[in-house]
Every structure is written in structure tokens, then in C-alpha cells.
Amino acid sequence: MSLEEIEQIKQLKHRYCRFLDTANAAGLETVLTEDIEIDYLGGTYHFKAQGRDEVIAILKAAFHEDFVGSHTVNQPEITILSADSAEGRWTLTDYAVDLRTGYETSGACLYRDRYAKVDGEWRIARSSYRRLYERVTKLDVLPNFTARYLAERATNPEI
Amino acid sequence: MSLEEIEQIKQLKHRYCRFLDTANAAGLETVLTEDIEIDYLGGTYHFKAQGRDEVIAILKAAFHEDFVGSHTVNQPEITILSADSAEGRWTLTDYAVDLRTGYETSGACLYRDRYAKVDGEWRIARSSYRRLYERVTKLDVLPNFTARYLAERATNPEI
Amino acid sequence: MSLEEIEQIKQLKHRYCRFLDTANAAGLETVLTEDIEIDYLGGTYHFKAQGRDEVIAILKAAFHEDFVGSHTVNQPEITILSADSAEGRWTLTDYAVDLRTGYETSGACLYRDRYAKVDGEWRIARSSYRRLYERVTKLDVLPNFTARYLAERATNPEI
């Protein structure tokens, strides 16, 4: 068991989630391989994409200023396969409201990832998940959100 | 501090939660000691059981195909006591809806566990929790669950 | 990368959250430096305080017996800066109901912490967060809480 590699991969995934929820495209570029593959199977969507530019473009469009939510990963099971490859399982709990459509989505997912070490740094090479459950509600009344980072960052980006 | 033992115990607990939420009885057998003791004190229940067969039988009955939810553990404080014994604290956040009864339960718990190394592998030997809080609602209208692993796994088990 | 220091700091933060949610003032004293600085920017509040006595007094007042909730930290990114200083990022997901006012608050935050090693033990020296999002609801009907640690601990403190 290579504990240092495992800790590096945990921090990689944690950075990814932070960059995701803050719509930090420059950050996302540093954590994905150039040929990253995504395969996320929800109850109401199947998000498949390949290549860092495509993935980041889709994420940027989804995490717009009227999107509110968080994606939190837990329960890592990281296995180092070789000096430059590893795999991992995680649980995701997610909460999201798209204020443009009024849809609220929450639930939990089970991730399976592959990681590659590129120029000495671990990156996410493949990421897939399947839902434990997904709950979708069309809100008649939007929630009272008293803070929304994605709406406020244009004028106050620091975090 | 034995970091490798700590990481093994974290992964053990993470596997346990994954096997629990996916009702994977064969998996659960590999993470519990034969004489596992459970003592979970909720606001509306007190779940006590002893012995792996009894515990798994109860869990299988609870995590039926009309059960929806997730159990996520966080904030481990693992202490290695000897070469083959350890203890740990965790926080649990849980969400569950039983579609047969219409009850929704959510909340958070504080775990205290004991672990034993058996034939070179760490296993859960004792697990107890007490609630930080528990919220129970009888739902008049069931949520719109657009994905439910426990209902779908009979035809699509892979995860 | 000093894995043992990183693990110690993770456990420090985990203890802090456990002491916070159980309103354990004696525990909180052991995890904060004497000159701890707090700067928590919510959507409806800006909590700034300095000095361990002041911080604990404010937390004790907030976590009263009619307060219900949990504060869960995830996704640590710990960096050791020297033998006695470190910094860390975390995500917080929080849920709280104050039964005295009927306000429910939930959301997620991004933490930035500083840690100092004092007499051989890591402690939290500075902690700040900003919200990813905050949702505040004035409840017409209070939730059915079937367990509440802070209300019950006077007669049953063990955890």
C-alpha cells in the first residue's frame, strides 16, 4: 500500500470537486488527463463525454450563475495498480437547483474512477458513476438562497 | 501512529457502507467478524443484534427493493490499540425513505466502533451509534425518485 | 509530504466538529489555539471572533438545547508548511434548525484553515469559510425531530 500516492489521489479528487462547484475552468484543466472519459448515468440523464476540452465546456455550461448546489465525495477506496495507474471508488452526495428551470435534484452516487500519473502528477483519467438514488422535484416556489457563490463570484471571486 | 492500519480500517468502513447501501450480503460477510455486535440507538428504534448471520439477515430485510437511501460516514478518528485491535469514531449522515410505509428519516449519528484483525484482515467487531438528531416525516406524497439502485439491481446489478 | 502530520490534522478537525455538534466546551478548549481567529462569512451573518475564550463562549450560546443540526467536513486538502504550521481546505455541509426562532439553515461552505503545533499537538489557529450556497427557510411547522442530542445530553451525556 503506497500511502503517499493514495493521499495524493484523494487530494486530487477533492480539488476536482472544489473546482467543479466553483466553476473554476483553469483549475479543472490541471486535474483531468487530456483524454479524460466521463460516463455518468443518472435517472434523468446519461452524461458521456471524452477529452478535456469537451468535458470542461460541458461543465462550464452546466455550472452557470443561476445554478446552486454542491457535490461532496466521501468514502474513498483507492487502489494503486502501478507506478502511474490507480483506481478508486467514492460515494457522492449531491444537491442542485437550477433556478432557470426550477428543478431541484438530490441524491447519492457510487463512483468508479481511473487515475493516471502524468509528468509526476496524478490526474483523473476516467470517471463513471451510477446512482444509488436520485430525487427530482419541480419547485413551485424557489428556495430562499441567501448565498450563491456562482452568482457572486463575478464581483467577489476570492475563495 | 500506524498509518497503513488506519488507511485499511477507513477502507473497511467505506466498503461496509457501500455493501450496506447496495444490499450486498456477500460483501457484508467479508467485513464483519463472526461475533459482530451492533447497538444502534435511534429516536424511534433501538437496533441491537449479535452475530454476523443475524446482523446480515436484519440488514437484508431492511434494505428491500422499496427502500431508498444512503448512509455516508465522515470524520474518522481511528486509534490502533494493538496489532489486532483498534477503535474508531465516525459521523454518519443518513437519508432514507421506505416507500412501503411512506416514512422519511434523515439525520446524523456519532459512531463508536471496534475493529479486529482476523487472518490478516481488519473487520468490524463492534459498532454502536447514538443520534445527533433524527427527523421523521410521514409523507403524504411520495418523492419523485428517478433512480433507485435497490429496485433496479435485479435487472442491472453492475456497479 | 508528511503523512503522519496530515492524519493528525484531519483527526484534529474531526474532533473539532464532534465537539462543536455536541457542545463540548472542554473538548473545544483542547483543539483551538489561545489566539484562534474565526472569520465565517454566511449569507445572513458574518461571524468574526478572536481568542479561544470568546470563540467558545459564542459557540456555547449558539449550540443551545433547542438547536438541532450537524456540521460535517469533507474533502481535506492539507499542506504542511513547516514543523509547526500547516494550512488546509475543507468542504462543510451543514444543516441546522433553531427551534426557538423556527429558522432552518442548510448549505455548503469552503473552509480555509491554518494550524499550529503547540507543545507537540496540532491545533486550529485560524479558520475562515465562505459559502458555496446557503438556504434559509422560516418554518411554519417545526420538523418532527425524534432525537436531539443537545436536548437530551443533560440527562444522558454519554456518547
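Let us look at the structure shown here.

## Describing the interface of chain C and chain B
On the chain B side, the residues contacting the 32 residues of chain C number 23 residues. Summing both partners gives a buried area of about 2500 Å² for chain C against chain B, and 52% of it is carried by carbon and sulfur. Between the two partners, chain C and chain B, sit three salt bridges. Where Glu104 of chain C meets Arg135 of chain B, a salt bridge forms, and the shortest distance between an N and an O atom there is 3.0 Å. Across the chain C-chain B interface, the total number found is eleven residue pairs in polar contact (both at pLDDT 80 or more). Mapped onto the side of chain C that touches chain B, the elements with two or more residues apiece are helix H1 (3-21), strand S3 (67-82), strand S7 (145-148) and helix H4 (149-152) of chain C. Broken down by element, the side of chain C that touches chain B gets its largest block of residues, ten residues, from H1 of chain C. For the side of chain C that touches chain B, the class distribution of residues is eleven nonpolar, twelve polar and nine charged. Relative to S7 of chain C, strand S6 (residues 121-138) of chain B runs antiparallel, the two sharing three bridges. Residue Tyr133 of chain B lies in a different strand from S7 of chain C, and its bridge partner there is Arg148 of chain C.

## Some details on the relation of the copies chain C and chain B
Superposition of chain C onto chain B requires a rotation of 120 degrees combined with a translation of 0.0 Å along the rotation axis, giving an RMSD of 0.0 Å. The superposition of one copy onto the other is thereby described by a three-fold rotation axis. Minimal C-alpha separation from the rotation axis in chain C is found for Asn74 of chain C, amounting to 4.1 Å. Little of the interface of chain C is mirrored in chain B: 6% of its interface residues are interface residues there too.

## Details of the nonpolar core
Tyr16, Leu32, Leu59 and Tyr115 of chain A are the most contacted members of the largest nonpolar core, which totals 45 residues. The element contributing the most residues to this core is helix H1 (residues 3-21) of chain A, with seven residues.

## Topic: the environment of His71 of chain C
With respect to the secondary-structure elements, His71 of chain C resides in strand S3. Every residue in contact with His71 of chain C, bar those within four places of it in the chain, is listed here: Gln75 of chain B together with Cys17, Leu20, Asp21, Phe63, Leu92, Thr93 and Asp94 of chain C.

## Structural notes on the interface of chain A and chain B
The interface of chain A with chain B comprises 23 residues on the first partner and 32 residues on the second. Carbon and sulfur atoms make up 52% of the surface buried where chain A meets chain B, a total of about 2500 Å² over both sides. The three residues of chain A that bury the most area against chain B are Gln75, Arg130 and Tyr133 of chain A, which together make up 27% of that side's buried surface. Between the two partners, chain A and chain B, sit three salt bridges. Here Glu7 of chain B ties to Lys10 of chain A by a salt bridge, and the two come within 2.8 Å at their closest N and O atoms. Across the chain A-chain B interface, the total number found is eleven residue pairs in polar contact (both at pLDDT 80 or more).

Conventions we followed
Residues numbered from 1 in each chain as written. Chains lettered and ligands numbered in written order. Predicted model: local features only at pLDDT ≥ 70, side-chain atom pairs only at ≥ 80, totals over all residues. Heavy atoms only, no water. Contact = heavy atoms within 4.5 Å. Buried area = accessible area lost by both parts, 1.4 Å probe. Salt bridge = Lys/Arg side-chain N within 4 Å of Asp/Glu carboxyl O. Polar contact = N/O pair within 3.5 Å; in protein donor to acceptor, adjacent residues only side chain to side chain. Helix = DSSP H or I, 4+ residues; strand = E, 2+ residues; numbered from the N terminus. Nonpolar A, V, L, I, M, F, W, Y, C, P; charged D, E, K, R; others polar. Pairing = 2+ DSSP bridges. Least-squares fit on C-alpha atoms with pLDDT ≥ 70 in both. Core = buried A, V, L, I, M, F, W, Y, C linked by side-chain atoms within 4.5 Å. Buried < 20%, exposed > 50% of the residue type's maximum accessible area, 1.4 Å probe, protein only.

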